[in-house]
Amino acid sequence: MSCNPHADMPRQFPKVTLSEAEEETQLLTEKVYASALKEEDNKDALSMFTVPEDCPIGLQQAKEHALLKEFAEQHSALCTKRKKSLKMIRSLSMFPQIPVNTDCTESVAFTPYLCPGSTCSSVPESFPGYQRVTISGDYCAGITVEDYEHSAKSLFKALLIREKYSKLAYHRFCRTTAQFLRSAENMTWSEEDEVFPDMCPSPTGGEDPYSTQNIPENLNYELKMMDGIVYVYDNAEALRENQPRDLPYPDFETFAIDFSHVLAMIADGPTKTYCHRRLNFLSSKFYLHEMLNEMAELKELKCVPHRDFYNVRKVDTHIHAAACMSQKHLLTFIQKTYRADADRVVLENAGQKITLRQVFHSLNKDPYDLTVDSLDVHAGRHTFHRFDKFNSKYNPVGASELREIFLKTDNLIDGEYFARIIKEVSHDLEESKYQHAEPRLSIYGRSPEEWHSLSKWFIQHKVHSPNMRWIIQVPRIYDIFKAKKLVPNFAKMLENIFLPLFEASVNPQNHKEIHIFLKYVSGFDSVDDESKHSDHMFSFRSPKPEQWTADENPPYSYYVFHMYANIMVLNNLRKERGLSTFQLRPHCGEAGSITHLVSGFLTSDNISHGLNLKKSPVLQYLYYLAQVPIAMSPLSNNSLFLEYSKNPLPEFLHKGLCVSLSTDDPMQFHYTKEPLMEEYAIAAQLWKLSTCDVCEIARNSVLQSGLSDQVVTPFSPQDVNPACFSVLFSVVCLQNKRHFLGVNYLKDGPEGNDIRRTNVAQIRMAYRHETLCNELSFIVDAVRSEDMSYQ
């Protein structure tokens, strides 16, 4: 079972030298980074959410400055000419700006601009009719043309940078945004230019998910890690001559320069003002849309047969395997296991074998007397801003021995109990039919043998479920390994994490278990307490991983870049072989510096949490324009970093950011057997979300998940009775995005929405698409107006 290789391989990573970067930008970036580090070091725990976003004095000064600039512009002939140019572009139509594709199967050029005359509507006939909110008149009111053009061009450059990194790593990039970027560059957009992750589909009926048949042959390439990145060579001679295969190897200096450009943007006054105004407009516009069209959306949903919120697909895109069960489930499992296996040897300490009965005796605990309270795995008020106390909740009754026995894959019993409880959770998901999950399993980087051990556990205990995809989480704990002398430098940790993956991709016959396991892995996560302070300033001057021998932990951005770099090379290598690819989906923006979100914007397919986007209007607007998916966990945040009522999820949803709901750790935060439904129910009740709102969130969760969109059948229509083919076809396609969202889900707007499957109103989809097009058209106008003003 393999995935189709991309035709445009190989590609090269476009490098940028430092001499091409503006010196002022570099200096500003260092000031911003230093300021972020200082703020992170000095603030108290609640300051980021209790201090008003705008200082009243600073706000007044900004208004006065803008007013003076506007007066100056009135006397500037050049500004007047540029303003007229912009007005001419915007006045072509009052309707929303929507790109038009004449034939989705061909390479088509399009323009987001509209033909003159009031009779030419930009809204396609296939779009539903509803009460649209339009703005006429001077669109630039309240902001000078100079500031508008400066802001739009900065945003345009940032979007181009993200598109570059997304395409190189086979991450998704919003189609609508890509179309507008090509239009601004006077280029033709084509579907052939799009890249997508390749996820191997779930095995069809009767197919063995652990089969070792049809494994690709070995290629016997040579591998070597340099500067923290694995390089691939055709043979030993190419390795000696240092001639790696033609793959896009990332350049650290280029990334640092791109990082600095985006970081400098978030501190730029005009850009902050522009983005803040646009975000406020988006929020107000949705309020008007909801007021005018809520009943029309509800009417649409009432006409959909069979489908409602309960039976639309929902994916828990952020959940940790070690806490994927509820506290009651874990308690019941421990008691049930004790009844059956009390005299089984489960631990070894200093050469002494210890049975389960002896473990509980040493803890002075009787399993039959345990309650969810004495189990003490639930987070609460005492864990708020105490990540150390939260981590201790992974130890049932505070005993690390029980965590070792029941919640680890690598122990004396080969992780049998952990596998059994996960299989019970997956069985519940399969019974519910409409819920899926992407649990995180840990690879630490202590030893390259971790991958073999984890793969063996997965296959030996047959953990695969059609309702689960797996994500590998890498804790940022280099400092712990260095203190214990487990690794000499940061490069060794990276080598332990990624080199086994390259070896399994190059020579799968020698690593069959890892090869099989990787078919069901959809991505990588970077995890740990984001509020941990790092004194190191990430820049092009940062030491190479081989030179990072200090005891201190590298900063977040340093971790994320090197994870992205290796995943990018690995994805391109696996594409050549027709193997599945991986997404980078880190914890990002839950706490700590705003620089984490800059790194996430550049490198990640999607992120988890994203709370700190509330602090930066520029980044929040960029995440909106690029439609970067965000998996949010309000119940988790409520116990760790942010009270539920202050969570920005409803605000992000109203503005149009691509948000979904996830559980994070059901064992710590939830009470019921269906934690994902509990998450949706509480959010809907507290924030008064409509049925269309929660179904839109559910649709987003499927979009950002690692589920496959490929259709693989073990038969053809000629092999089967035509009357039975459609039935058999539907059976083998039940676990892919096309079945969950509709066959055209990659298309924009309502054309990509099958309301019979998603239960999201076509009116809502049209509104989202038209609003995004309108925002992107402002940026395209500014880029094009510069050429027109000098003609």
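Everything discussed here concerns the structure shown above.
Residues numbered from 1 in each chain as written. Predicted model: local features only at pLDDT ≥ 70, side-chain atom pairs only at ≥ 80, totals over all residues. Heavy atoms only, no water.

1. A look at the overall build of the protein
Helix and strand counts for the protein stand at 31 helices and 13 strands. When the 791 residues of the protein are sorted by exposure, 59% land in the buried category. Summarising the internal contacts of the protein: among those between residues at least 6 apart in sequence, 77% fall at separations of at least 24. (Helix = DSSP H or I, 4+ residues; strand = E, 2+ residues; numbered from the N terminus. Buried < 20%, exposed > 50% of the residue type's maximum accessible area, 1.4 Å probe, protein only. Contact = heavy atoms within 4.5 Å.)

2. Here's the deal with the packing of helix 18 (residues 490-506) against helix 20 (residues 556-577)
Across the interface, helix 18 lies against helix 20 with an axial gap of 10 Å and an inter-helix angle of 10°. Comparing the axis directions of helix 18 and helix 20 gives the class roughly parallel. Every residue of helix 20 that contacts helix 18 at Phe490, Met493, Leu494, Phe498, Leu501, Phe502, Ser505 and Val506 is listed here: Tyr558, Tyr559, His562, Met563, Asn566, Ile567, Val569, Leu570, Leu573, Arg574 and Arg577. Among the residues making up the contact of helix 18 with helix 20, the classes are represented as 14 nonpolar, three polar and two charged. (Axes fitted to C-alpha atoms, helices over the stretch in contact; angles between N-to-C directions. Parallel < 35°, antiparallel > 145°, perpendicular 65-115°, else oblique. Nonpolar A, V, L, I, M, F, W, Y, C, P; charged D, E, K, R; others polar.)

3. Regarding helix 5 (residues 145-168)
Helix length check: helix 5 (24 residues) gives 35 Å between terminal C-alpha atoms against 34 Å at 1.5 Å per residue, within 8%. Positive backbone phi, approximately 60°, marks tyrosine 170, located one or two places after helix 5. (Expected span 1.5 Å × (residues − 1).)

4. Structural notes on the packing of aromatic side chains
Each pair of aromatic rings is reported with the distance of its centres and the angle of its planes. Per the counting criterion, the structure on display carries 35 aromatic pairs. Between the aromatic rings of phenylalanine 458 and phenylalanine 517, the centroid separation amounts to 5.0 Å while the plane-to-plane angle is 55°, which identifies the pairing as tilted. With phenylalanine 458 in helix 16 (residues 450-460) and phenylalanine 517 in helix 19 (residues 512-518), the pair connects residues that are 59 residues apart, well separated along the chain. Each member of the pair, phenylalanine 458 as well as phenylalanine 517, is classed as buried. Members of the aromatic cluster, joined through ring pairs, are Tyr165, Phe252, Phe255, Phe259, Tyr478, Phe490, Phe538, Trp548, Tyr558, Tyr559, Phe561 and Tyr564. Just above the ring of phenylalanine 601 sits the side chain of arginine 162; from NZ or CZ to the centre is 5.7 Å. Against the face of phenylalanine 309 rests lysine 314, its NZ or CZ located 4.7 Å from the ring centre. (Phe/Tyr/Trp six-rings, centres within 6.5 Å; stacked < 30°, edge-to-face > 60°. Lys NZ or Arg CZ within 6 Å of the ring centre and 35° of its normal.)

5. Topic: the nonpolar core
Judged by nonpolar contacts, the single largest core of 192 residues is most densely connected at Ile422, Trp470, Phe498, Phe524, Leu619, Leu622 and Tyr623. Of the residues forming this core, the biggest block, 13 residues, is contributed by helix 20. Excluding anything up to four places from it in sequence, isoleucine 422 contacts Ala321, Cys324, Trp457, Val463, Met468 and Trp470. (Core = buried A, V, L, I, M, F, W, Y, C linked by side-chain atoms within 4.5 Å.)

6. Some words on a nonpolar patch on the surface
Taken together, the side chains of Tyr287, Leu288, Met291 and Leu292 define a hydrophobic patch exposed on the protein surface, amounting to about 400 Å² of accessible area. Of note, methionine 291 is situated in helix 9 (residues 269-302). (Patch = residues over 30% accessible without salt bridge, like charges linked within 9 Å, V, L, I, M, F, W, Y side chains within 5 Å. Areas by Shrake-Rupley, 256 points an atom, 1.4 Å probe, with all protein chains shown as cover. Salt bridge = Lys/Arg side-chain N within 4 Å of Asp/Glu carboxyl O.)

7. Section: the sheet that holds strand 8 (residues 521-527)
Strand order in the open sheet formed by five strands is 3-6-7-8-9, and the pairing between neighbours is parallel. Sheet topology places strand 3 (314-320) and strand 9 (583-584) at the edges, where each strand pairs with a single neighbour. For strand 8 and strand 9, the ladder comprises two bridges, and the chain directions are parallel. By the bridge assignment, glycine 523 is partnered in strand 9 with glutamine 583. With respect to the sheet, helix 15 (residues 416-432) is in contact with strand 6 (435-442) and strand 7 (470-475), its orientation differing from that of strand 6 by roughly 160°. (Pairing = 2+ DSSP bridges.)

8. Details of unusual backbone geometry
Even without glycine at this site, aspartate 376 takes up a positive phi of about 55°. Note on placement: aspartate 376 falls in the loop between helix 12 (372-375) and helix 13 (387-392). For aspartate 376, a relative accessible area of 38% puts it in the partly exposed group. Look at lysine 688: it is not a glycine, yet its phi comes out positive at around 55°. The residue lysine 688 is located in the loop between helix 26 (675-687) and helix 27 (691-704) in this model.

9. Considerations on the environment of asparagine 293
The residue asparagine 293 is located in helix 9 in this model. Spatially, the C-alpha atom of asparagine 293 lies 6.6 Å from that of glutamine 131, the residues being 162 residues apart in sequence. Apart from the residues within four sequence positions on either side, asparagine 293 is in contact with Tyr130, Gln131 and Ile763.

10. Here we look at the pairing of strand 4 (residues 345-349)
Where strand 4 lies against strand 5 (residues 352-355), four bridges are found, and the strand directions are antiparallel. Looking at strand 5, one finds that glutamate 348 is bridged to lysine 353. Between strand 4 and strand 5, which follow one another and run antiparallel, lie two residues, and alanine 350 among them has a positive phi close to 55°.

11. What to know about the side chain of glutamine 583
When you line up the elements, glutamine 583 lands in strand 9. Here the side chain of glutamine 583 touches arginine 585 through a polar contact of 3.3 Å, side chain to side chain. Non-local contacts of glutamine 583, meaning those with residues more than four positions away in its chain, are made with His171, Arg172, Pro197, Met199, Ser522, Gly523, Phe524, Asp605, Gln704, Ser705 and Gly706. (Polar contact = N/O pair within 3.5 Å; in protein donor to acceptor, adjacent residues only side chain to side chain.)

12. Considering the environment of lysine 492
Within the secondary structure layout, lysine 492 lies in helix 18. Lysine 492 sits in the partly exposed class, given a relative accessible area of 32%. Spatially, the C-alpha atoms of lysine 492 and proline 545 are 8.2 Å apart, while their sequence positions differ by 53 residues.

13. Considerations on the sheet that holds strand 12 (residues 630-632)
With parallel pairing, four strands are arranged side by side in an open sheet as 10-11-12-13. Only two strands of the sheet have a single neighbouring strand rather than two, namely strand 10 (587-588) and strand 13 (659-661). With three bridges connecting them, strand 12 and strand 13 associate as parallel partners. Bridge pairing in strand 13 links isoleucine 630 to valine 659.

14. A look at helix 26
One turn of an α-helix holds 3.6 residues; hence residues three or four places apart share an orientation. Taking 1.5 Å as the rise per residue, helix 26 with 13 residues should run 18 Å; its terminal C-alpha atoms sit 18 Å apart, in good agreement. Burial in helix 26 covers these residues: Pro675, Leu676, Met677, Glu678, Glu679, Tyr680, Ala683 and Trp687. Note on helix 26: the residue one or two positions beyond its end, lysine 688, has a positive phi of about 55°.

15. Topic: the pattern of salt bridges
Tallied over the entire structure, the rule returns 35 salt bridges. Linking arginine 757 and aspartate 754 is a salt bridge whose minimum nitrogen-to-oxygen distance equals 3.5 Å. Of the residues examined, arginine 757 reaches a relative accessible area of 29% and is grouped as partly exposed. Look at aspartate 754 and you get buried, because its relative accessible area is 15%.

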